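# Working through the structure, step by step
Here is how the chains run, residue by residue.
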Amino acid sequence: MYTVYGDRKSGNCYKVELVLHQLGLPYEWRAIDVLKKETRTPEFLALNPNGQVPLLVNADGNALPESNAILGYLAEGSGLVPADRMARAQMLRWMFFEQYTHEPNVAVARFIVAYLGRPPEHEETLRQKIENGHKALAVMERHLEKHSFFAAERYTIADIALYAYTHVAEQGLIELARYPAIHAWMERVRRQPRHLPMQA
Ligand SMILES: N[C@@H](CCC(=O)N[C@@H](CS)C(=O)NCC(=O)O)C(=O)O
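Residues numbered from 1 in each chain as written. Predicted model: local features only at pLDDT ≥ 70, side-chain atom pairs only at ≥ 80, totals over all residues. Heavy atoms only, no water.

A word on the site of the ligand. Of all residues adjacent to the ligand, which total 13 residues, the nearest are Arg40, Val53, Glu66, Ser67 and Gln99. Contacts to the ligand include Arg40, whose side-chain N or O atom sits 2.6 Å from an oxygen atom. One of the backbone nitrogen or oxygen atoms of Val53 is found 2.8 Å away from a nitrogen atom of the ligand. The protein chains hide 81% of the 510 Å² of surface that the ligand would expose on its own. Looking at the shell around the ligand residue by residue, the classes come out as four nonpolar, seven polar and two charged. (Near = heavy atom within 4 Å. Polar contact = N/O pair within 3.5 Å; in protein donor to acceptor, adjacent residues only side chain to side chain. Areas by Shrake-Rupley, 256 points an atom, 1.4 Å probe, with all protein chains shown as cover. Nonpolar A, V, L, I, M, F, W, Y, C, P; charged D, E, K, R; others polar.)

Turning to the confidence of the model for the chain, a few remarks are in order. A residue-level look at the chain finds 100% of positions with pLDDT of 70 or above and a mean pLDDT of 98. Mean pLDDT across the elements of the chain bottoms out in helix 2 (residues 42-47) (97) and peaks in helix 6 (residues 157-166) (99). (pLDDT = per-residue confidence, 0-100. Helix = DSSP H or I, 4+ residues; strand = E, 2+ residues; numbered from the N terminus.)

Our next topic: the sheet that holds strand 4 (residues 63-65). An order of 2-1-3-4 is seen for the four strands of this open sheet, with the pairing classed as mixed. On the outer flanks of this sheet lie strand 2 (27-31) and strand 4, each paired with one strand and no other. Along the sheet, successive strands turn relative to each other by an average axial angle of 20°, direction set aside. Bridge analysis of strand 3 (residues 55-57) against strand 4 gives three bridges, and the strand direction is antiparallel. Among the inter-strand pairings, Val57 is bridged to a residue of strand 4, identified as Ala63. (Pairing = 2+ DSSP bridges. Axes fitted to C-alpha atoms, helices over the stretch in contact; angles between N-to-C directions.)

Here is the structure:
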């Protein structure tokens, strides 16, 4: 049995719930409200000194933060992680891309618009996040014009990592209409067995 500390508004937390559900793993969800700063309480900081969700605690009491590390831990040995070394490295390459190039733009634009209510002092940041979000999506689009998934031509945890914030990008005013290959890929992701929609 796993315990997940998470906020269902968060795409990073959604990744973890989606992989747990798809692999049929038992878990208990402990709701943490990011907007109420529940990630910054002394109790939570004792579990994750970095003060962020998601956080997974396994049956032995080991606490693991970082959504993509959690995906790797949960999915190891399953069909969601390719056995081939280069395919696995390509999967990781897209997961690093997600964390460095995609999420800091696409997720933050969504946070500013949908959760902070687009305050005027964040308008310039929002403009930059939207612009850089489109750059990340264009890289994905070019890959998906030639490939059905991000690695190994099949659904892996790289697709879960990138789907989480891509499918809600428009909540951050990042229009997806110009990305037909991304649309087709999102449909393939949604058709995977035991797909779980984001619950926020
Ligand atoms: N790199 C981390 C990012 C996690 C993250 O940004 N978590 C946000 C919610 S999406 C959070 O907990 N923010 C609360 C805070 O920073 O206090 C991951 O992928 O798990």
